[in-house]
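# Fold and geometry: a report
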Amino acid sequence: MLDIKWIRENPEALDKALATRGAAPLAAQIVDLDEKRRSVLQRLQEMQSRRNSASKEIGAAMGKKDTALAEKLKAEVADIKTAMPTLEEEERAATAALDDLLSGIPNVPFEDVPVGADEDDNVEIRKWGEKPTWNHPAKEHFEIGEALGGMDFERAAKLSGSRFTVLSGAFARLERALGQFMIDMHTEKHGYREVSPPLLVRDAALYGTGQLPKFAEDLFKASEDRWMIPTAEVPLTNLVAGEILPAETLPLRYTALTYCFRSEAGSAGRDTRGMLRQHQFLKCEMVSITDPDSSLAELERMTSAAEDVLQALGLHYRVVTLSTGDMGFSARKTYDIEVWLPGQDTYREISSCSVCGDFQARRMNARYRPKDEKATRFVHTLNGSGVAVGRALIAVVENYLNEDGSVTVPEVLVPYMGGKTRIEAEG
């Protein structure tokens, strides 16, 4: 959520930022609602002040046995008490309307974020590694997985419908190996604290990170006040919701290996074959909580940690800065890491690392107290995939395909695969 004071002082800047995201101007409407709310609040405060002073005057008048004045003041207090509920309701309605409007406004991009309409306007900033060169044709992961007997989409559809996969044998172990490798790397090498969070969260947690109320259709609701997490960003970031942290504890770095659940609303017809776009998928998530001065450096550090995973796996990738039109709702700047998939002959996103400034912290009321200061400030939050396990599995299978149809296990995963160096047809 954006700072209402900043909006009052910078209405043109807000509308300019919204325009870069393809949104209509809202500053005038917000300022008008805010002025209405503040006017009602001022009137309420004046009435409360007058009620308190009149009550004291009643006592003084009665002490002087000025019955007429006392009765007049009592009538004034009674009128104030009668009028106040109406004003209080006006204030609640104005505040609710303002909060509803503010909660649907995306974050303001940093100045260096490329302005654009969609992913076609993203800017490549670096590449790592080389595309594999073979004498045999590339294949897509689902062709490879089905041929080796480790991916079953028909049985998954029988169990759960479309956009699910049953992995078995070496493929099930490969998924587990990738996730374990990632969580070990981030905890042992990059200093993240491993967390095993709930996979069900309340409305407030999703509001805090920006999924609610605007993106409810992208989520799976489990019960009246319980939702399946779309990403571990939600529980990890909300660990500090409503708290005031000592400055010396920052930065906080959390990581979690969890299943994630997304409805994939609006993706009909896209990536219907295979594992690229699933309702349920495994992901290693990273979240950082920092002070404002450290957040941009933390974004670079987090992105580097995600890249480290792909480098260790020997997977060719590129890093792009997302344009304003392709960036997530809560982000001020985002780097996407796109891994090379030979079967599709293209790059596909495997990690997205974002800095959100104090946008989520305002929604969560997460603050810190600088050393030797009484006043508190909002923390800055960051989140990133380190990385999507299912897409890493796809990349490994497609990039390590052998001419005979088997798949070589990347060296760093061999210990996690029980010494297995090659995935071959089973049964």
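All figures in this text were calculated on a predicted structure; none of them were measured in a lab. (Residues numbered from 1 in each chain as written. Predicted model: local features only at pLDDT ≥ 70, side-chain atom pairs only at ≥ 80, totals over all residues. Heavy atoms only, no water.)

## Observations concerning the overall build of the protein
Each helix and strand in the protein was counted, giving 12 helices and 18 strands. The C-alpha radius of gyration of the protein comes to 28 Å, more than 25% above the 22 Å expected for a compact globule of 427 residues. With the principal axes as the frame, the protein shows a C-alpha extent of 105 × 45 × 40 Å. Counting the 427 residues in the protein, one finds 49% classified as buried. Considering only residue pairs separated by 6 or more positions, the protein has 72% of its internal contacts joining residues 24 or more positions apart. Computing the positive centroid from 53 side-chain charges and the negative centroid from 67, the protein places the two 6 Å apart. (Helix = DSSP H or I, 4+ residues; strand = E, 2+ residues; numbered from the N terminus. Rg over C-alpha atoms; globule rule 2.2 N^0.38 Å. Buried < 20%, exposed > 50% of the residue type's maximum accessible area, 1.4 Å probe, protein only. Contact = heavy atoms within 4.5 Å. Lys, Arg positive; Asp, Glu negative; His and termini not counted. Charge placed at Lys NZ, Arg CZ, Asp CG, Glu CD.)

## Topic: the UniProt feature "coiled-coil region" (unreviewed entry) in the protein
Feature annotation in UniProt assigns "coiled-coil region" (unreviewed entry) to the following positions: residues 30-90. Secondary structure over residues 30-90 splits into 95% helix and 0% strand, and the C-alpha atoms at its two ends are 16 Å apart. (UniProt positions renumbered as here; feature names shortened; annotations may be inferred.)

## Structural notes on the pattern of salt bridges
Within the structure shown, the criterion is met by 22 salt bridges. Close ionic contact of E71 with K74 constitutes a salt bridge, the shortest N to O distance being 3.7 Å. Taken together, the residues span about one helical turn, with E71 and K74 both in helix α4 (residues 67-103) at a distance of 3 residues. Judged by its relative accessible area of 44%, E71 is partly exposed. On the basis of relative accessible area, K74 is assigned to the partly exposed category, the value being 36%. Here R277 ties to E264 by a salt bridge, and the two come within 3.4 Å at their closest N and O atoms. In this pair, R277 is assigned in the loop between β9 (252-261) and β10 (280-290) and E264 in the loop between β9 and β10, connecting sequence segments 13 residues apart. R277 gets classed as buried once you look at its relative accessible area, which sits at 14%. Salt bridges linked by common partners bring R8, D34, R37 and R38 together as one network. (Salt bridge = Lys/Arg side-chain N within 4 Å of Asp/Glu carboxyl O.)

## Description of the sheet that holds strand β15 (residues 377-378)
Taking strand neighbours across the sheet as the criterion, the 3 strands line up as β8-β14-β15 in an open arrangement whose pairing is mixed. In this open sheet, the two edge strands, each paired with only one partner strand, are β8 (244-246) and β15. Of the pairings in the sheet, the one linking β8 to strand β14 (residues 367-369) comprises 3 bridges and is parallel in character. By the bridge assignment, L245 is partnered in β14 with Y368. (Pairing = 2+ DSSP bridges.)

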